[in-house]
2 protein chains.
Amino acid sequence: MCGIVGYLGRREAYPLIMKGLKRLEYRGYDSAGIAVFQQNKLNVFKKKGKVADLEQAIGAKDLNAQAGIGHTRWATHGEPNDANAHPHLSGDKKLAIIHNGIIENYAALKKRLESKGHRFLSETDSEVLVHFIEDIRQETGETLEDAVRIALREVVGAYAIVLMSEDHPGRLIAARKGSPLVIGIGKDEYFLASDATPIVEYTKDVIYLNDLEIAVVTAGELRITAPDKTEKPLFIQKVELELEAIEKGGYPHFMLKEIFGQPKSIADSMRGRIHAGNESIQLGGLTGYFDRLADASRIIFIGCGTSWHAGLVAEYLFEELARVNVEVEYASEFRYRNPVIHPGDVVIAISQSGETADTLAAIELAKENGATILGVCNAVGSSIARATHAGAYLHAGPEIGVASTKAFTSQVTVLALMAIALGRRKGTLPDHTFRELLNGLQSLPGQIEQVLRNSDRIKEIGYIFTYARNFIYLGRGVHFPVALEGALKLKEISYIHAEGYPAAEMKHGPIALIDEDMPVIFIATRDSSYEKIVSNIQEVKARKGRVIAIVTEGDQLIKTLVDFTIEIPWTHEMISPLLSVVPLQLLSYYIAVMRGRNVDQPRNLAKSVTVE
Amino acid sequence: MCGIVGYLGRREAYPLIMKGLKRLEYRGYDSAGIAVFQQNKLNVFKKKGKVADLEQAIGAKDLNAQAGIGHTRWATHGEPNDANAHPHLSGDKKLAIIHNGIIENYAALKKRLESKGHRFLSETDSEVLVHFIEDIRQETGETLEDAVRIALREVVGAYAIVLMSEDHPGRLIAARKGSPLVIGIGKDEYFLASDATPIVEYTKDVIYLNDLEIAVVTAGELRITAPDKTEKPLFIQKVELELEAIEKGGYPHFMLKEIFGQPKSIADSMRGRIHAGNESIQLGGLTGYFDRLADASRIIFIGCGTSWHAGLVAEYLFEELARVNVEVEYASEFRYRNPVIHPGDVVIAISQSGETADTLAAIELAKENGATILGVCNAVGSSIARATHAGAYLHAGPEIGVASTKAFTSQVTVLALMAIALGRRKGTLPDHTFRELLNGLQSLPGQIEQVLRNSDRIKEIGYIFTYARNFIYLGRGVHFPVALEGALKLKEISYIHAEGYPAAEMKHGPIALIDEDMPVIFIATRDSSYEKIVSNIQEVKARKGRVIAIVTEGDQLIKTLVDFTIEIPWTHEMISPLLSVVPLQLLSYYIAVMRGRNVDQPRNLAKSVTVE
């Protein structure tokens, strides 16, 4: 989840790398560093904090160079400080590495190296790796490229690395396993990065490095080799990312831009998929796999964080509309649980970035057990998109805000289309419901506009609760995952301890937390569990909790019971999470801004979690 | 979840009812009240607060009476205050009711009655019910018993009620639907109560009233009738509850008594179930149903609160040991989700009290869909035990502390026995693992003693964290539900906002909460995910979180990483939750005591949740 940038070519490397790091900062931002070649010497600067802190520390120093590497870090081993920041150097200071991922057997390697006299300046696994490569070179006399190959054979874990060596000033060496690495190809210049965002400004031609491959970049040449040293053909792809999509476009934060972008991103997720006067749904990416989905004995959704919440919403949708058994699993737990998987099972992996390490590993496990794997990702060509048998992209455009908003609503939109198409195919979905749902989906962008026009009201409520220490979010049925997602948003960006619960579970323990200091948010729209949720609201009010309720417009009853209501338009219950989540996103955003938090780069977090 | 007591006989009713209310206080305790007959007049006293507050308010008043009713309340409609306390009176003050449960259509009934001139003194649904009965008598001229019958036909909801009328001083009328009601039969005296605890001191002969039946108690006679007025034969059962089991036995709180009672209660749960030199497991209550369990296409566990956590542990056990597909559902969510259930599915309902309303309703739904239903309950003869096809009792003895401790470990013990027996039967469990697990289970009581001997150390750690505002509990695999359970205990009795998470999910959001003020508890015993959890600990320490780790005795590595460790003996991973949960129970207990909380009767909570 760290950010990696490398450059070799005819431009000034330093400003280019710094700009790239800023674009990547959503991946990690507790410390940053760069290394450049100057007069064939390695020059390294590292600093705890944001990329801007590094820039300030470097100041006006002359860093004229045509090659360099840079890194923005999300700490896994060792706390964020200058010493633990990347790049890390070998013992002889001639080799610099930047690394994204985790070396799981670093403790054993470190011990071995220490017994041979190696001394370490940081607590990181990455420094161990660069010393290990140095050690192999010294012991075997192999070329740097082959020393890297040998080292990586012994390393357990996930990584993307880029190396520079004083002995080869015009060369960058990169490798990956489990962590993404993109190589941009310009005219006589090469860009290396953990994703395409730092590259698109300069070139749209990219190569996605595959697991276990090693890339060697020299002036005017790129060579990629397999573990057995055979050379691989260069498979150049076009990135579709536009520069404006990764800039803020007038909004103070990416997150707000993305919340307000949902009418468009949801429409984009549906575009071209609903056909001929709402008569059919076509999901191109699933062609050839829809039969298996229809015959599935069980559908298992896997994901992490917000994507797991989208899976929970999908559970209600698929069970209700297509009458199929559904399970939803945390990817990490699924993976380590020795799950019972049959060849008739269909696993649907959900991941915005398509690089989530736990989800990727869970996919491999399910594949080995013979299940069919479908992907629901946003990032085209990502590792998960490539590891699955088939899938449907979100087409939501890049999401830069670390707290996911538009990716969540697009995930639910695409999963709803899949559930509706499946219900239609299996004959479990009556015609009128089918049409009601498709009409409902198509009205959603307009209805979300309506919710967004209400943002001042939500801001006011946010103002009142700026200094709350805790929050509880409650919902029933399809709104239970929305409660979880609302709580997660608030946690992520405001650092308020918020927790989501199924409303009926309150009585079984959590209600002990309720007193006049505890704000409780209910999703209490007019649907099948309306009466029950009204009872739950009364239980909380009887204990003097302060209640904010998301209600269907025109609701009169709940207004008389609670402290604040936020109205949203009515839509079919099964797709209503797409509306009810929006005020919760806004509420989290405003509370975090009013608390002075860095909304786009909340502490400790990284956008795409490529370590386990 | 309120407590109900009624008495009619030759003794002094007032002290007897007050003692009964105190025994029932674990069911609800935000207000209390009594009504007694004196000179054929109804005399009513009600008070916000505990039963002791009511007693103090009554003081030395002469309440000489041979019949009366009492109630301790857990608020559902209307906040806890004197007016909302039970008993409630009819408009003419001649009829008094005590009520446990919820009248769902009370708002409509209230409107109708108000339009006819009825005026209400409280916000409760119970007062509406007694006015409704009064209104029916006036309108129809029916007897009180028949007026009750007519009223209950129109009422939607769950209830247990007892009525007294000035017009019939020597008579109590009781009825139930969905909420338990026990009638104790002495010599020329009758006891009515929501469970047997207030009764066992006087008699062991009881009748459990069935749904929709009405009981009329007069001096020397008990008559039970069905909705169609036919008289039902009296089916008298023996209660096995001993008085000492419902008293504290030298411990300051029931909860501590129950935590320390776990070596015995777990042994009791296994007693007579492991046979002939560990060669077989016999669960008598499942005889005749074990084939269905072995042939199950899927096992669905349902429960609420702590019982749901036991189901989550069982998911790991049944999947790993018996290789069967397992789902775990919140009873409330399952019920309202239109779940896909097939006749080949086996539903296992988990409930300590056997009276949990949501679980009971979920059972009915699954039954209608043709599933086989098994119960895992503690309370013998409870509604759930009777509603299921077969089941296994916990035999853990009565649990009085509102926060469940020994019931949880006994649930996991019984579920482990079921999973092991099933794995043996299906041939999915190798002989050596089978024996290792049975030996492990039999060593558990001794190992728990060992953990309990460490309670001073846990108390010290509790002291350090007395004033924490928040806690996070993390575990992987089978310890993930233990993390949820540990967090729930702390929430329930200390009112600290504690939350459990699968450790790997931290990175996907909650880690934003981590700073030097956030205590994090890891369950980090030596098992299959040890290395992964060590990585998660390092991620938290890198952000300066304060870490308490539950580790396997002898662990050296984690000691060097974290702030505090609590050691537990090693046991087989699949049954290790039975050990790892114990220090978490103790930690919650000590923190709550040091914060001055009423551990046995935490605010807002009730022991057995008989409303939805």
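By the naming in an unreviewed UniProt entry, chain A is Glutamine--fructose-6-phosphate aminotransferase [isomerizing], taken from Ravibacter arvi. Under the Subunit (unreviewed entry) heading, UniProt states for chain A: "Homodimer." The UniProt entry for chain A carries this comment under Catalytic activity (unreviewed entry): "D-fructose 6-phosphate + L-glutamine = D-glucosamine 6-phosphate + L-glutamate".

Draft legend 1. The overall build of chain A, seen in detail. A tally of regular secondary structure across chain A gives 19 helices and 26 strands. Its C-alpha atoms give chain A a radius of gyration of 25 Å, within 12% of the compact-globule value 25 Å for 612 residues. If you line up chain A on its principal axes, its C-alpha atoms span 75 × 50 × 45 Å. Split into buried and exposed, the 612 residues of chain A put 68% on the buried side. Sequence-distant contacts in chain A: of pairs separated by 6 or more residues, those separated by 24 or more amount to 72%. Carbon together with sulfur atoms contributes 49% to the accessible area of chain A, which is approximately 19,800 Å² in total. Across chain A, the centroid of the 68 positively charged side chains sits 2 Å from that of the 76 negatively charged ones.

Draft legend 2. Region of interest: the relation of the copies chain B and chain A. The two copies are related by a screw operation: chain B maps onto chain A through 180 degrees of rotation and 0.0 Å of translation along the axis, at an RMSD of 0.1 Å. What we have between these two chains is a two-fold relation. Here 99% of the interface residues in chain B have copies in chain A that are interface residues too; the copies meet face to matching face.

Draft legend 3. Fine view of the sheet that holds strand β22 (residues 470-475) of chain A. Residues and elements named next belong to chain A. As summarised here, the arrangement of the five strands in space is β23-β22-β24-β25-β26, forming an open sheet in which the pairing is parallel. Both outer strands of the open sheet, β23 (497-502) and β26 (564-568), are each paired with one neighbouring strand and no more. The sheet shows a mean angle of 20 degrees between the axes of neighbouring strands, taken without regard to direction. As defined by bridge partners, β22 adjoins strand β24 (residues 519-523) across three bridges and the pair is classed as parallel. When the bridges of β24 are listed, I472 appears paired with V520. The strands touched by helix α15 (residues 455-464) are β25 (546-552) and β26; relative to β26, the strand with the most contacts, the crossing angle is about 150 degrees.

Draft legend 4. Just the interface of chain B and chain A, in detail. Contact residues are listed per partner, giving 78 residues for chain B and 77 residues for chain A. Summed over both sides, the interface between chain B and chain A buries roughly 6,900 Å², with carbon and sulfur atoms accounting for 48% of that surface. The tally of links from chain B across to chain A stands at twelve salt bridges. Across the salt bridge formed by R603(A) and D515(B), the nearest N and O atoms sit 3.2 Å from each other. Put simply, chain B and chain A have 37 residue pairs in polar contact (both at pLDDT 80 or more) between them. Of all elements in the fold, only β17 (298-303), α9 (305-322), β18 (326-330), α10 (331-336), β22 (470-475), α16 (479-494), β23 (497-502) and α17 (530-542) of chain B reach the threshold of two or more residues within the side of chain B that touches chain A. The residue inventory of the side of chain B that touches chain A, partitioned by class, reads 32 nonpolar, 19 polar and 27 charged.

Draft legend 5. Representation of the nonpolar core. By size, the foremost hydrophobic cluster in this structure holds 196 residues, and its most contacted members are F318(A), M418(A), F471(A), F318(B), M418(B) and F471(B). Setting aside its immediate chain neighbours within four residues, F318(B) contacts I299(B), F301(B), R323(B), V324(B), V326(B), L415(B), M418(B), A419(B) and L422(B).

Each value, and the rule that gives it
Residues numbered from 1 in each chain as written. Chains lettered and ligands numbered in written order. Predicted model: local features only at pLDDT ≥ 70, side-chain atom pairs only at ≥ 80, totals over all residues. Heavy atoms only, no water. UniProt positions renumbered as here; feature names shortened; annotations may be inferred. Helix = DSSP H or I, 4+ residues; strand = E, 2+ residues; numbered from the N terminus. Rg over C-alpha atoms; globule rule 2.2 N^0.38 Å. Buried < 20%, exposed > 50% of the residue type's maximum accessible area, 1.4 Å probe, protein only. Contact = heavy atoms within 4.5 Å. Areas by Shrake-Rupley, 256 points an atom, 1.4 Å probe, with all protein chains shown as cover. Lys, Arg positive; Asp, Glu negative; His and termini not counted. Charge placed at Lys NZ, Arg CZ, Asp CG, Glu CD. Least-squares fit on C-alpha atoms with pLDDT ≥ 70 in both. Pairing = 2+ DSSP bridges. Axes fitted to C-alpha atoms, helices over the stretch in contact; angles between N-to-C directions. Buried area = accessible area lost by both parts, 1.4 Å probe. Salt bridge = Lys/Arg side-chain N within 4 Å of Asp/Glu carboxyl O. Polar contact = N/O pair within 3.5 Å; in protein donor to acceptor, adjacent residues only side chain to side chain. Nonpolar A, V, L, I, M, F, W, Y, C, P; charged D, E, K, R; others polar. Core = buried A, V, L, I, M, F, W, Y, C linked by side-chain atoms within 4.5 Å.

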